[in-house]
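If you want the building blocks of each chain, they are given just below.
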Amino acid sequence: MTSEPALAALVGAGMEVPCIDGTARPYRDLDCGASTPALEVVAEAVTDFLPWYSSVHRGAGYKSRRATTAYEAARDSTHHFARRPADGDDVVILLRNTTEAINHVAYRLGLAADDEVVTTVVEHHANLLPWARVARRRWVECGTEGTFSAEQVAAALDDGPTARLLALTGASNVTGWLPPIEEICALAHDRGVPVLVDAAQLAPHRPLPTGPDFLAFSGHKLYAPYGAGALIGPRRVFATGDPFLAGGGAVDLVDLDEVIWTDPPEREEAGSPNVIGAVAFGAAMDELGRIGWPAIEHHEAALARQLQDGLRGIAGVHLLGPAAAGPADTLAVATFTVEGMHHALVAARLSAEFGIGVRHGCFCAHPYLMRLLGIGSEGVAEARAAVQRGDRRAIPGAVRASCGLGTSSDDVDALVVAVRALVEGGPAPVTYLQDSVTGDYWPEGDRAGWHDDDRPKGAACARG
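Residues numbered from 1 in each chain as written. Predicted model: local features only at pLDDT ≥ 70, side-chain atom pairs only at ≥ 80, totals over all residues. Heavy atoms only, no water.

Participant: Help me understand the packing of helix α5 (residues 150-158) against helix α6 (residues 181-190) in this model?
Facilitator: When two helices pack together, their arrangement is captured by the angle between the axes and the distance separating the axes. Here α5 crosses α6 at 25°, and the two axes come no closer than 9 Å. In this view, α5 runs roughly parallel relative to α6, as classed from their interaxial angle. The handedness of the crossing between α5 and α6 is right-handed. On the side of α5, the interface is formed by Ala150, Glu151, Val153, Ala154 and Leu157, while α6 contributes Glu183, Ile184, Leu187 and Ala188. Residues that form the contact of α5 with α6 fall into these classes: 7 nonpolar, no polar and 2 charged. (Axes fitted to C-alpha atoms, helices over the stretch in contact; angles between N-to-C directions. Helix = DSSP H or I, 4+ residues; strand = E, 2+ residues; numbered from the N terminus. Parallel < 35°, antiparallel > 145°, perpendicular 65-115°, else oblique. Left-handed = near helix turned anticlockwise from the far one by under 90°. Contact = heavy atoms within 4.5 Å. Nonpolar A, V, L, I, M, F, W, Y, C, P; charged D, E, K, R; others polar.)

Here's what the structure looks like:
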C-alpha cells in the first residue's frame, strides 16, 4: 500500500502527549468528524487580521472599513465555495454553526404545528430536534447498513400531505455514508418540496451540492475553529417577516412602536458579528479551493480503504454502516465496536496508552446508532431508565475514527495496531474506573497528565 502523507499543515500537528507508561507520544488526531484543528494558513490569516480588527458595517474609520471588507470577503468566499453566484438568488448568512443555521431556517419558514417536515433517521440531532419544535415529522427509514435510497425518500414524500421541507444530511457523521443528494433534490423539487441539507460533515470532504435550497455548515469542522459557520438559502425566504434574532445591525429605522428591518443578509445578522471567525472561515474555504477537490478526494479515499480494511481484519472488531459488508464509498470514517469491551473503555485506552484521539458514544445521532447496533425498543427503554436515574454507564455506543487533511497513513496504521493490541494483548496495564455520572473511564495512577486533577470537569464524552 502506498504511504499517504498528510495533505495540509495543521496547527498542533506532531505535538506529543503524555501516556500512562510515562512516555510522550505523537498525538494521533482521529476525531476530525467532531472538530478539526486550524489550518496553519487559517491561523496566519487571523494573526494578520487582528491588528485591523474593528466594528463592521457601522464605522467610517479606516480600520472599520478594513474589517468590513474582510468580513464581506468571507461572505464572497462562502458563495464561491458553495458554487452559488454572489449576484444570484441566494444569500449567505454568517452565523455560529450548523445547529444555529438549521434553527434559523426552522424559525424563518413560519411553519405551523400541523405542517410536516420529512427527514431521516440518519440525521444528527441538529437536523432532528429543531423540526420537532415547530412541525410534525415524517421519517425516511434506513436499512441494516444504515443507508436509504432516493426512491425511499420519494415514497416518504408521497406518504401524506405535501411536506413544507425535506431536511437531510449530506454525509453521515457516524458512518461517512453519502446519500445521493442531487438525485434526491430533483425528486423533491418535482413534488414542489424545498430541500435543506446539513452539510456539516460533507463540506470539508466533497464539493457542496447545488441542488439543495438551503445549505448549512460549520467552520469548526472545516479547519477554522473560530466560531463561525454559514447558512445559504433563497433571498425571498429572508426578505420579509421578522428575523430569527432581533437587534442592532438588522434594521434601517427603529421607533418605539415600529421597526423597519433592513435587507438580507444583514437582516439576519443582528448584533456584533464574529468578524475573526468569518475571516478564518473564509480563509479555510479559500485554502480548500487551492488544494482542490481531486487531491482531497484521492487522499481521503486512500485513508478510507486503509482504515476500514485494517479494522475489518481484526477478529472481534465489528464495523457499522456500509463498510461492515466490505469496501464502501464513504468518507474516511470507521465506526466500530469491540467484542467484550465498552466503547468508552476502548476510547479511554486508545488515549491513555497510545496517544490516539477518537470519539465514542452515540455521536449526536442516537436514533441512527440504535438502528446500526440493532438495539430495539426494550434496550432503548432500559437505557432511558438508567439515564433518568443519573447513571450513564449503560448508554449504548460505538467508537469512531475519522480522518482529515492532516491525517497520514502512519496515523491510521497506529490506530489499527493499537486496536489489535487492545483485542489481543490481554488485560489493561492499569485499572480503569468508570464514572456512573458520565459513563467515561479513567485510569488509576499518578502519571503526569493523568492525575485525578487532570480529569475533565463537566459533561460526558459520550453525551450529545
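Participant: I would appreciate a short explanation of the pairing of strand β6 (residues 136-140) in the present structure.
Facilitator: Side-chain positions along a regular strand alternate between the two faces of the sheet. Where strand β5 (residues 116-120) meets β6, 5 bridges bridge the pair, whose relative direction is parallel. When the bridges of β6 are listed, Glu116 appears paired with Arg136. What joins β5 to β6 is helix α4 (residues 129-134), and the crossover it makes is right-handed. (Pairing = 2+ DSSP bridges. Right-handed = clockwise from strand over helix to strand, strands pointing away.)

Participant: Help me understand the pairing of strand β7 (residues 165-169) in this model?
Facilitator: Counting buried positions along β7 yields 5 of 5 residues, so the element is predominantly enclosed. Of the two faces of β7, the one holding Leu165, Ala167 and Thr169 and the one holding Leu166 and Leu168 are both buried throughout. The pairing of β7 with strand β8 (residues 195-198) spans 4 bridges and is parallel. Following the sheet pairing, Leu168 is matched in β8 by Val197. (Buried < 20%, exposed > 50% of the residue type's maximum accessible area, 1.4 Å probe, protein only.)

Participant: Would you take a moment to explain a negative patch on the surface for this structure?
Facilitator: Negative charge collects at one region of the surface, where Glu444, Asp452, Asp453 and Asp454 lie side by side. Tracing the backbone shows Glu444 in the segment after β19 (441-443). (Patch = residues over 30% accessible without salt bridge, like charges linked within 9 Å, V, L, I, M, F, W, Y side chains within 5 Å. Areas by Shrake-Rupley, 256 points an atom, 1.4 Å probe, with all protein chains shown as cover. Salt bridge = Lys/Arg side-chain N within 4 Å of Asp/Glu carboxyl O. Lys, Arg positive; Asp, Glu negative; His and termini not counted. Charge placed at Lys NZ, Arg CZ, Asp CG, Glu CD.)

Participant: Is there a simple way to explain the nonpolar core in this structure?
Facilitator: Soluble globular proteins tend to pack their nonpolar side chains together in the buried interior. In this structure, Phe81, Leu166, Leu208, Phe217 and Leu288 are the most contacted members of the largest nonpolar core, which totals 73 residues. The biggest single contributor to this core is helix α8 (residues 275-291), with 10 residues. Among the nonpolar cores identified, the runner-up in size contains 38 residues, and Ile314, Ala347, Val399 and Tyr441 belong to it. (Core = buried A, V, L, I, M, F, W, Y, C linked by side-chain atoms within 4.5 Å.)

Participant: Just to check I follow, could you spell out the packing of helix α10 (residues 343-354) against helix α13 (residues 409-424) for this structure?
Facilitator: Contact pair α10 / α13: the axes reach a minimum separation of 11 Å and the direction vectors enclose 115°. Classified by the angle their axes make, α10 and α13 are roughly perpendicular. Of the two elements, α10 crosses α13, and the hand of that crossing is right-handed. Seen from α10, the contacting residues are Val346, Arg349, Leu350, Glu353 and Phe354; seen from α13, they are Leu415, Ala418, Val419, Ala421 and Leu422.

Participant: Any chance you could explain the sheet that holds β8 here in plain terms?
Facilitator: Taken together, the 7 strands give an open sheet; going across it, the order is β4-β10-β9-β8-β7-β5-β6, and neighbouring strands pair in mixed fashion. Looking along the sheet, the strands with just one partner apiece sit at the ends: β4 (90-95) and β6. Averaged over all adjacent pairs, the angle separating strand axes in this sheet is 20°, with direction ignored. Looking at chain direction, β4 and strand β10 (residues 229-234) are connected through 6 bridges and run antiparallel. Bridge assignment links Val91 to a residue of β10, and that residue is Gly233. Lying over the sheet, helix α2 (residues 62-81) contacts β4, β9 (214-218) and β10, oriented at roughly 125° with respect to β4. Against the sheet, α5 engages β5, β6 and β7, with an angle of about 150° to β6.

Participant: I tried to follow α13 on my own but got confused; where do I start?
Facilitator: If you check α13, its first and last C-alpha atoms are 22 Å apart, about what 16 residues at 1.5 Å a residue would give, namely 22 Å. Every buried residue of α13 is listed here: Ser409, Asp411, Val412, Ala414, Leu415, Val416, Ala418, Val419 and Leu422. One or two steps after α13, the chain reaches Gly426, where phi turns positive at roughly 85°. (Expected span 1.5 Å × (residues − 1).)

Participant: Sorry if this is basic, but what is going on with the side chain of Asn103 here?
Facilitator: For Asn103, the location among the structural elements is in helix α3 (residues 98-108). In this view, Asn103 contacts Pro130, Arg133 and Phe244; residues no more than four positions away in its chain are not counted.

Participant: Can you help me understand the environment of Gly192 in this one?
Facilitator: Inspection of the secondary structure puts Gly192 in the loop between α6 and β8. C-alpha of Gly192 to C-alpha of Val17: the two residues are 175 residues apart in sequence and 53 Å apart in space.

Participant: What is the right way to read unusual backbone geometry from this model?
Facilitator: Negative phi characterises most residues that are not glycine, and trans characterises most peptide bonds. Across the junction of Pro264 and Pro265, the peptide omega takes the value 5°, indicating a cis bond. Within the element layout of this structure, Pro265 appears in the loop between β12 (259-261) and α8. Residues other than glycine seldom take positive phi values, yet His57 does so here, at roughly 65°. Here His57 lies in the loop between α1 (40-49) and α2. Even without a glycine there, the phi angle at Phe363 is positive, about 60°. With respect to the helices and strands, the residue Phe363 is situated in the loop between β16 (359-361) and α11 (366-373).

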